[in-house]
Structure formats: C-alpha cells, structure tokens
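# Results of the structural survey
Residue-level listing of the chains:
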Number of protein chains: 4
Amino acid sequence: MIIILKQSASKKDAETILDEIEKTGLKPLFLPGIERIVIGAIGDERLLNEKQFESFPQVQEVKPVLSPYKLVSREFNNARTIVKIGDVAFGGDEFITIAGPCAVENSLQMNKAAAAVKSAGAKVLRGGAFKPRTSPYSFQGLGVEGLKILSQVSREFHMPAVTEVVEVADIDAVEQYADAFQVGARNMQNFRLLTELGQRRKPVILKRGFAAKVEDLLLAAEYIVSEGNPNVILCERGIRTFETCTRNTLDLNAVPYLKSRSHLPVIVDPSHGTGVRDLVAPMAFASAACGADGLIIEVHPDPKSALSDGMQSLTPEQFATMMKDLKRFVLAANRVMA
Amino acid sequence: MIIILKQSASKKDAETILDEIEKTGLKPLFLPGIERIVIGAIGDERLLNEKQFESFPQVQEVKPVLSPYKLVSREFNNARTIVKIGDVAFGGDEFITIAGPCAVENSLQMNKAAAAVKSAGAKVLRGGAFKPRTSPYSFQGLGVEGLKILSQVSREFHMPAVTEVVEVADIDAVEQYADAFQVGARNMQNFRLLTELGQRRKPVILKRGFAAKVEDLLLAAEYIVSEGNPNVILCERGIRTFETCTRNTLDLNAVPYLKSRSHLPVIVDPSHGTGVRDLVAPMAFASAACGADGLIIEVHPDPKSALSDGMQSLTPEQFATMMKDLKRFVLAANRVMA
Amino acid sequence: MIIILKQSASKKDAETILDEIEKTGLKPLFLPGIERIVIGAIGDERLLNEKQFESFPQVQEVKPVLSPYKLVSREFNNARTIVKIGDVAFGGDEFITIAGPCAVENSLQMNKAAAAVKSAGAKVLRGGAFKPRTSPYSFQGLGVEGLKILSQVSREFHMPAVTEVVEVADIDAVEQYADAFQVGARNMQNFRLLTELGQRRKPVILKRGFAAKVEDLLLAAEYIVSEGNPNVILCERGIRTFETCTRNTLDLNAVPYLKSRSHLPVIVDPSHGTGVRDLVAPMAFASAACGADGLIIEVHPDPKSALSDGMQSLTPEQFATMMKDLKRFVLAANRVMA
Amino acid sequence: MIIILKQSASKKDAETILDEIEKTGLKPLFLPGIERIVIGAIGDERLLNEKQFESFPQVQEVKPVLSPYKLVSREFNNARTIVKIGDVAFGGDEFITIAGPCAVENSLQMNKAAAAVKSAGAKVLRGGAFKPRTSPYSFQGLGVEGLKILSQVSREFHMPAVTEVVEVADIDAVEQYADAFQVGARNMQNFRLLTELGQRRKPVILKRGFAAKVEDLLLAAEYIVSEGNPNVILCERGIRTFETCTRNTLDLNAVPYLKSRSHLPVIVDPSHGTGVRDLVAPMAFASAACGADGLIIEVHPDPKSALSDGMQSLTPEQFATMMKDLKRFVLAANRVMA
C-alpha cells in the first residue's frame, strides 16, 4: 500500500502512520520526496484497513498495490476452473450456450422453448420464476409454480436448468428445482444472498451489476468462493452509460480482462447487453471471438406475446440461424461447439 | 402511448396493432405520416404491456406518454407528504438533519457520537448494524448486537434512530429496535425487500441506487407505497460516473426534479455523495439551497479509527461548524432549523 | 413529432401549438387523452424547431419521430457505401486493417513500423503529426515535419497514409501529404472542421467522441456529407464510463447498430478502445465478428520508447500474430482479408 | 511516481527501470514486496513520461504521486486569483452573474435581453454568435454580424460582453468585439484553440467538457496559463451520465473540489447543467451555496421563439425573481451581490 501525504504534512504526521503500519505487522517504508512525503506498507494489505489511513487528516491519498480479491484471482490459482451445471462443463474447450425465455409463463411455452433451443444446440435451459421488475405493475413471475414447470421441462428435455434467485428465503426452493443459481445484476451486491450461496454447492452464474466495475464483480465472486463454493461463472451483461440507442452498453473489454485476472469461466448475455433483438447475434459472435466461455440468450416461442423482455428475445428461427453461424466463430476461437 | 412503426411497415401491420390496443379497452389512433405510420393509444397505459408492442417485428419504437409511477406522483397527490420518524417530521417547514457514524462499533462510540450530533442540532440518529461491503474481507457490522446498542443510545438521547436493513429476514429485528428503515443504494431494486417494507408502517428512507435513474427511484418508492406504506423519504446519495476525484457524483439536479414530480420528502447524503470529508459541508449547504427537506451525514467521534467510511466522516467539531453555517442556508431557503 | 402537454394545459394552449404547426406546412393532429393532451405534427420534422415547442410553458415533452440525420441513413440510401483511401476500399467485402504508431517520431521509426505492419497484412499506414494531448507538458507531435516523414514512408511502402487533422488551418497541409483525414474523438463535434472537410474530396475517418451518442456521431457525419463529401468512414473507439480497469469502454454494440442505420463503412480502434495492450487482439477479433469493415491499430517498433500511447501499442511481433489469427474471424464473418 | 511491477517481474526487470529513472535525474527507489516489486521515483514527475513506463512489458501499473497540472494549482499559488472581465471582478468577494440569450438573433432581441438582465442585477452580458450545434440543420449563429450586435448592445448598456469562440481563425474577431472569450464544452480539449488563447490577454471562460474529468479541466486551463494568459475562469456546466430526466448532470461536487485545488475563479452554468427551465433557479442557489464565484444563465425575452435552447432559457420575469432570491444564498455564503 502506498500512502501519499498532503503537502502540509510534517515528519511527525508521517511517524504516526509509520507506527500504525508497524503495529499491523507490515513493513513500513518512509519515502521523503521533494514535494510530498510518501509512505509504503509492504506485506498483505488485507491486514490493513485502507479507509483508516485515508481518514487521517494529513493523508491525501491511499493507493493499494495488490488487488483486493484473492481466491478468484489467477495469482492464487492460475489453472482454468471448470464449473459444471448438470453434466455441462463451462470453462473448458467447449463453448456453451444457455437459452430459453426471460420468464417461465406456462408449460406449453416452456416446452416449445426447450424443444427449439435444444434442437438448435443450446445445452442448458434458462427461465425466470422470480422476476425483479422495475415497476410494481409489471409481471413478477410465477414463483415456485414457475420453478416446477422449469424443472419438469428440464428433465423431459435432458437439459440442466438455470433460474434466478432474488432472496435468501428462496434459495432452498431454487436449489431443489434447478441445477444452477443465477444472481441477477440488481443483486450482484446483495451480499447476504452471496454469502448464503457460498454455503451451497450448486453452481452460481453471477451477473455483473449494471454499475459494477469489473473489480466489484470479482469481489462479489470472492464473497461466494470465500464461503466455500468454488463453482462461480461470471457473466458480462452490459453496463449503464449515457448511450440510449441500446438498453445497456455491452462491455466486451471485460471478457478478456476477466479471463486474464481470474480463473473462473466467463459468459456473456447479449440479450440484456443490447436490449435489441437485431444486435443479439452479432454480439454473440463477438463474445465468442474475444474469448468468452459461453452465452446466455433469451429465446421465446412468440416474442410479441412475451410477458417480459419480448423486445430482445429471439424467435426460435432467429436462434437457430444464430447458432449455425456462431459455430464458425467458436472454431475461429479454437473452441468447440458440440 | 405512441407506437412508431418501421418504414417498411404496411397498413396491415398497423391494423394488427390497432386491434391489440382496442382489445385492452384503450382508444387506438391511426396516424399515417409521410415517412412512417404512427399509432396512438389513449387511456391508462398501465393496462398495456409496453414491451409487448416493442417486440412486434414492424414496431420501431414505443414511447410512453404517462409516467410509469402513479401513487408517488404529484399528479396523484399534489400536497406535500409529511413523514414522521419518531416525532420528527420530514417534508414540512423544518429542515432536518440525521447524523451519526457509518457503522455502530460499540456503546462508547455511539454515546460519543449521539452526544456530539445532538448538541450540534441533529434530530435523528443514524448507525449501521448490517453493513453491505464491497469486499468480504471488510468489517460487516455488528448485526443484532449493533441494533441493541443503537436502540439504547437512541432512547438515552431521545433521538429516534435510523438503520439500514439489507434482507427480508432482518426486517422484524430492525423494526423492533429502530424508528425507521433505511434501504441502501445497493438494495434500491431489491424488490422483495421493498414489497415487505410496504407492508410495515415504520417509515422507509429509500436511497437512490448508484446507477438508478430518478424514474427508477420513483418506481422503487411506488413498490413500497403501493403495498400500503405511504411513509417513504427519498434520498439522493450520488451516482456513478466517469469522474474519479470524488467517490460518487452527487446529482443535486434530482432534488428539485423529485420535488416537482413527487409529493414525498427528499433528503440528501453528501457523505456518500462526495466521499471526501472536505466536500461534505459545501454540498450540505447546496442541498438546502436547492430545496432538500433534510440531510443524512456521517459523523464519527474519531474518524481515523472508524471501521468503515472514515474518509468521509466528519469529526464532531467539523459537524458542529457545519450545522452552524447550515442554518443560514436553511433560512435563505425559507425553511426553519430548530 | 409528438408534443405532450402538461396536465394543466388547456384546450386553448393546444390550439396555439396546432396553429404554429400549421404555419410550418406540416399537418397538425389533436389527440385529447384522459390525463393529457397530445399533439402530433406529420411531415418533415426538420422544418420544425424542436426546441421551440419544448420552450412553450404548457409543453411537457417533445418526442421526435424521425431520426435527425438523413443523408447518412439507410432510409436515404440503402446500398453500402464504398470509401476508398488511395486504392484501398472500405465497406466492401474486404476487411481492412490500418496500422502504425500513435505519433510520427522520426524516419527510422516510421520505416520500421511500415515495414512491420505491411508484411503482417495492414493495407493503410497511420501516424500522427498533430497530437492532441491532455497535458501541455506531453509531446505534441512533429507537425508538418511529421507529415513529410509520413508521406515519404507511405510512398516508399506503397501504403496510403492516414493522419489526424486538428484544426482548419492545417487541412491544406494534411491534404497535401496524406490520403485521408482522421478526425479524432476530441474533435468529433468541431463543427467548423467538419464543415471544411465536407468541402474536400479526400476521405475522412471520423472517430466517435468519448461522450458522443451514436446519434451524435451520425449527425457529425451528416455535417461532412451534407457539405458534399460522401467519403466518410465511421470509427468506434470507446466511450467514457465509470469502469477504470480499461482506458475506455469499447462499445461494440455500436458497430451492428451503425451498420443497420447507416450505409457508411464502420471500423474499430481497439487500441484506444481498451488502452491495454493485451486486450487489443481479442477486441480486434470481436470487431470483425460483429460486422466491422476494418480496424485501426497502434503498432510501434519499440513501445517502451514511444513518445505517446506506448502502453496500448503492439510490438511488430504481437501485431503479426494478431493478424494471422484475425483472418479466421474475418472468414467466419464471410469477409475476406487479402 | 510509483511503478508496480507484474508478479512475474524479475529483479533484472526492476533494474532496467531503476536505470531509466536515474537517467532522468530523479531519485529511484527499490521496494521489494512480498507479492510484488514496487519502484518509486522521487522528484519532478513531469520530467518522466508516465506512459513510457506503462509500456514496459513487466510493468503492471504506474501511479503518479503529483497532480499533472502545476500553474493552476494551489500548491503553486495559494492566493485567490481575481479575473476581470471589463471592470467586473470574478473570484473576489462579489458573486457575479453573467446573463443573456443563448444566441444573438437580432438587435431588438439583444436590447430587450440586456435591459432585462441588467435591471435584475446581471453584471456581464452573454450571447453566442458562433453556435456549435449537434445537427447541421440547426441554426448556426449570425457570425461576425452577431458579434457586432453584441458589442453595440454591450456598450449601450455598459455591460462587458462574453461570447463563444470555436475556431482559431475567429479569435481576432472575437477579441475585437467582446470582453472575454468563452470556450464551450465541445472545445475544452481543442488544444490549438487553448494555446492561441493563452497568447492573448483577454480573459477566458473555460467550460468543462461533458465527458471531462475535473483533472482534464485543470489541464486544459494549464494549456492557457502556461502560454502566458493567467486570466482563466473555470465553468462547471454538467456532465453526461445515464440520467435522462435532465439534459446533463450538474456536478456541483466539482465546485468546492476545484476551489480547493486551484486558485482560479469557478462559475456554474445551471442552464446547460440542467436543460430544464424550472431547475435553473434552485441549481443557481445551490451553486452559490457550495462556493461558486458566479453564474452564467440563459435568459431570452421570449423563450418560445428562441432559435436555440429555448427550453432552458428563463424569461426576464423568471430571471428577476431568481436574482432576488439568489441574494439570500449569496449572503449566507458570506459573499456580496451588488
């Protein structure tokens, strides 16, 4: 940790801080400059409370040297982590697509969706039973009834199922009916939820919050992994920016960045990342090209009757075309698509 | 609702949509333009599923005419809503300051903090027992133990207490020990939490999410109010932007905007909104000047030993000076400060 | 154009506005709703001054129906525009890479750079002579001397040259020595510069401003095209967001969006779009995958001695490897790379 | 400067960098940590090319210790700089308001505007002759004809005049007719323009770019001051964020931050900073409260006939009311308003 003092700081101010560092067991360093005093602390910075130094009146800035996440980092474990949802492996050589409707609406819709996405090459089925919606007047999901439909269709089509969990109290139900938990963007920093999921063993797809820095995403994953559940799949799904022609700005820079800093699998959600049906396929191709391990895509048998997110859902035909074209990009990326 | 069709849309496409509008009971309007067909729907737009129309292949864009929130709007209720925390009224003529440490650390710290902020003019005491922290390695709060300390100090100093609730399972405990719930920025769209708080009667301070539009904040408030709890206080606390010299960008524009659109009280948190101790007082003055109904400020008896947010906490002396100066701005805004 | 009146607006207020619309030659439409009056104006909205209506006291909001750009839109011209820099065609079947150092430093450096990028497959040479730099204490470019070096190396290697123009007064010099003008992100809304470039015939590579919406970029292109120069190549190069792990957030959503709305070629600059050397290649691949017509890449014979942007420059070896891998993605996108 | 090496860096890598630092005349420091090597450079960092070190393959991150601006900083000059436009002093005890229409439209409009704003207490007249407009189809200003009208009205009403300059070639004309140059947000990083203005003596109002960090604004000011013109007034006018209910997000945090880091006067433009007429007055009050030295406000005798920005322009009556109320906040801020 590097601590930069204010111009007005005295040598005595510096000594107070050097003492504090010494007390924690780290090695203090005194670096008197021409315009400023700089202080260093060598050792495990996690032993220090960064904010503590920032609140000393004579401190101008505290700059950490080490990344604040540890277990999810490549420095801790440089091998790729493989996470399995059912028998489908993420993070290995195969490029995996998860697909299905935004929300479970009824059995018929889920059956049609599952049949369509499976025949086009999707390996995992998605469908939301608990829907976080911006407006209280929008459809909020079928709840446990939706979980049951999802589970039944999942078994029928031999596709493992992924569904969102929004609340600690629902974890048991979701664990019973689904093969993986999805944590949505709005809950990426619901730390209680993360902590509880860390105590389970089923995998977690952790979506980046729409105002979360990549570092925040890695720290959210650290919450889960540090509780004992190593099965985390990171998901880039777009961030909020000033651009309004798309629903979000898909930050694909994050994909190779995350792959270089963390050993966890990384997938992309181009449906939410664009919010525009015509942009889903090109951004799916781009995701494969920049090194993602897979995709999660919204497909609805009849988007114009969808109870949520119809605007960004692909039709079964559009999805089938996309998957056919996707294979070329997956091969170009030296990955396989079964 | 205005529905703009693509250039390629035919009259038949338009008729399909006009039929759909008619089915919902709204009045459809056909507006053939020179370059595009535009369709209108007159009546309560909340009966329509906006996304549904956006997912029609021939629709380019759907533009709602009415705001999506209702109960919290001035159109619904043009009188100012007064929300009382204990016996302290927000939204009336008095400008109210809530103050205290970021986190409850121990009895002594809370006692010192309460004594300091009360004597300087704060009316409500704050202190977090459940702390959402970006890193799992940071101090997470004392939990129920912290609630008990807060409650005891609150009674001792005759100041009602506000504390954050992060999880449905904790609502009962918080309700027992505190006089108002605080929903933090990270939970502004934790809709399950909002729905449950809507079924209680104690007031809710709802902080704006750091990537939430003002409209999202009003819709989050609508979740609470539509469940039956009218006692919501909105809180601007800064949004995330590209600027890095401050922790957040305090969006004071939101204050007069919210006051013009909603009848709910609006307060400002300049501690999180700046993240920099020296900026807290000037932004507190600015908040009073642009029409806020109050403030929530972090004050710690010894910021450099604070377990969280020390960098932005005022010392008791700084807080006392700020409160003294604040009074001039409150009077200039034609409000009172007792 | 759709004009939504305030709830308090009277029928008389509406009539004033309907009269104004009629005066402009557009067809006014009166749409009395339940909660609000809505007014429509049918015809060429460019005849109306949108702001004018927004400044009527009884108007709540003005919503344009048509896009504000025209000549650059697919609605105006649905065929792909081919723009030639020298004899290199952008926007056709071939995927083109422009490469070279950020700044022209001297003859030797440019010769080495040109040799390296040409042998790896780049078709156009880049190199800045006028460098806009955030700090007055940074290297500002060699000026006309740099243009001469660029021109000589360009002829020697039979590669057309592209260089940035920052000021109207430099247009003649740049036109004399280079084959295309580059307008940098900071000048995307230097409308005087755009207008002058519209009166030349050499092509213009127009980089998106780092706070420019896609619509702003298209309007900036409209400035050039409406002055008579149809040879505009749009360039996505990253926008400014809250994310700090990369220099900019490369908005690849913009690529398929621009291609769907405009007939102009679109290229991507992953060097500035990431600011991190290791991310350049993956984002170049992603650019090809999502439909870009080409790339512009910073390559320096010795990045650690570069006078600007060394951190994001590829070495000749890294560039050669990238170009070899890129070909697979270009073919997957049904494009060719000679 | 602090240079953090990658985990994989060897002692030899460190030595290469230590040598480079020594060559520049700074004092190198070797700080071997447990997980990483950190290198320091003590002395005037402006002698180092920061990017140079960032482009070494074994360097992970370079952290400057000193701010990159110098002449505009309080560390260089801790006294408040007073900048005079005509005989009106900015940065002293008086709080100054500049007012007038967005664009000069004709003599009558300017006369009415000047009469109105002068009688309400404005000290300086504004009016644009060269208008940078997003669309080529919008009104672009009257050019030199507009300057002449502005100048004549300015003399008639004994109010110094401020107008925007968008291009080096126009500097002479603007200098002839106006008392201060205004550099608009889109030209904040038009470094050629800044450099030329640095060689004049008339004051420059430098508006913050809508994607410019506060540090970028200070560096833009440094361009002017380092050329010899110390008369720079900084202007906060809103930044671009995800929020869409206002045209920009007025970043008032920047006001006390700028005042603490720089000795230059700081004013605020709440007209552009909100884009909404009803928010101008509250944000003007907030600006005075948080320490601004003045305001620049758009006032039009008849906003609904304005050729630009009518939506955010105050009427003369609204302006007079605002100025009357403003005085209370100016006094509360211990400033005067004559």
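Here, every reference points to the structure presented above.
Remember, it's a predicted structure, so these values are computed and weren't measured experimentally.

Moving on to the overall build of chain A. Per the secondary structure count, chain A includes 11 helices and 14 strands. Overall, the C-alpha framework of chain A stretches about 75 × 45 × 40 Å when taken along its three principal axes. For chain A, with 338 residues in total, the buried portion stands at 65%. Residue pairs in contact within chain A that sit at least 24 positions apart in sequence constitute 67% of those at least 6 positions apart. Put simply, chain A shows about 11000 Å² of open surface, and 50% of that area lies on carbon and sulfur atoms. Side chains of chain A give 40 positive and 40 negative charges; the mean places of these two sets differ by 3 Å.

Another point: the packing of aromatic side chains. The geometry of an aromatic ring pair comes down to the distance between the two centres and the angle between the two planes. Per the counting criterion, the structure on display carries 8 aromatic pairs over all chains. Here B:Phe285 and B:Phe329 contribute two aromatic rings whose centre-to-centre distance is 4.8 Å and whose plane-to-plane angle is 15°, an arrangement assigned as stacked. One end of the pair, B:Phe285, is in helix H10 (residues 277-289); the other, B:Phe329, is in helix H11 (residues 316-332), with 44 residues separating them in the sequence. One exposure class covers both B:Phe285 and B:Phe329, and it is buried. Residues C:Phe191 and C:Tyr223 carry aromatic rings whose centres are separated by 4.6 Å and whose planes lie at 20° to one another, so their mutual orientation is stacked. Taken together, the positions of C:Phe191 in helix H6 (residues 191-197) and C:Tyr223 in helix H7 (residues 214-226) put the pair 32 residues apart, joining distant regions of the chain. The residues C:Phe191 and C:Tyr223 share a single accessibility class, namely buried. Sitting over the face of the ring of C:Phe210, C:Arg240 holds its NZ or CZ atom 4.8 Å from the ring centroid. Sitting over the ring of D:Phe56, C:Lys304 keeps its end group 5.8 Å from the ring centre.

On to the relation of the copies chain D and chain C, then. Mapping chain D onto chain C calls for a rotation angle of 180° and an axial translation of 0.0 Å; the resulting RMSD is 0.1 Å. The transformation relating the two chain copies, once decomposed into turn and shift, fits a two-fold axis. For chain D, the smallest separation between a C-alpha atom and the rotation axis is recorded for D:Ala211, amounting to 2.7 Å. Most of the interface of chain D is mirrored in chain C, where 98% of its interface residues again form contacts.

Tallying the contact residues gives 49 residues for chain D and 48 residues for chain C. Between chain D and chain C, the buried area comes to about 4100 Å², and carbon and sulfur atoms account for 52% of it. Considering only the side of chain D, the residues that lose the most area to chain C are D:Tyr137, D:Arg192 and D:Lys304, jointly responsible for 16% of the buried surface there. Here chain D is connected to chain C by 4 salt bridges. Taken together, the links from chain D to chain C amount to 16 residue pairs in polar contact (both at pLDDT 80 or more). Counting only elements with at least two residues in the side of chain D that touches chain C, the list comes to helix H2 (50-54), helix H6 (191-197), helix H7 (214-226) and helix H10 (277-289) of chain D. For the side of chain D that touches chain C, the element with the most residues is H7(D), which contributes 5 residues. Considering only residue class, the side of chain D that touches chain C consists of 20 nonpolar, 11 polar and 18 charged.

Now for the sheet that holds strand S1 (residues 2-5) of chain A. All names here are of chain A. Here we have 4 strands laid out as an open sheet, ordered S2-S3-S1-S4, and antiparallel in their pairing. A single partner strand is all that each edge strand has here, and the edge strands are strand S2 (27-32) and strand S4 (59-63). Sheet twist, expressed as the mean angle between neighbouring strand axes with direction ignored, is 20°.

Moving on, we come to the sheet that holds strand S11 (residues 204-207) of chain D. Each strand in a sheet pairs with its neighbour through backbone hydrogen bonds, running either in the same direction (parallel) or in the opposite one (antiparallel). All names here are of chain D. As summarised here, the arrangement of the 8 strands in space is S7-S8-S9-S10-S11-S12-S13-S14, forming a closed barrel in which the pairing is parallel. The mean inter-strand angle of the sheet, taken between neighbouring strand axes irrespective of direction, is 25°. Where S11 lies against strand S12 (residues 232-236), 4 bridges are found, and the strand directions are parallel. Within S12, the position partnered with Val-204 by the bridge is Val-232.

Thresholds applied
- Residues numbered from 1 in each chain as written.
- Chains lettered and ligands numbered in written order.
- Predicted model: local features only at pLDDT ≥ 70, side-chain atom pairs only at ≥ 80, totals over all residues.
- Heavy atoms only, no water.
- Helix = DSSP H or I, 4+ residues; strand = E, 2+ residues; numbered from the N terminus.
- Buried < 20%, exposed > 50% of the residue type's maximum accessible area, 1.4 Å probe, protein only.
- Contact = heavy atoms within 4.5 Å.
- Areas by Shrake-Rupley, 256 points an atom, 1.4 Å probe, with all protein chains shown as cover.
- Lys, Arg positive; Asp, Glu negative; His and termini not counted.
- Charge placed at Lys NZ, Arg CZ, Asp CG, Glu CD.
- Phe/Tyr/Trp six-rings, centres within 6.5 Å; stacked < 30°, edge-to-face > 60°.
- Lys NZ or Arg CZ within 6 Å of the ring centre and 35° of its normal.
- Least-squares fit on C-alpha atoms with pLDDT ≥ 70 in both.
- Buried area = accessible area lost by both parts, 1.4 Å probe.
- Salt bridge = Lys/Arg side-chain N within 4 Å of Asp/Glu carboxyl O.
- Polar contact = N/O pair within 3.5 Å; in protein donor to acceptor, adjacent residues only side chain to side chain.
- Nonpolar A, V, L, I, M, F, W, Y, C, P; charged D, E, K, R; others polar.
- Pairing = 2+ DSSP bridges.
- Axes fitted to C-alpha atoms, helices over the stretch in contact; angles between N-to-C directions.

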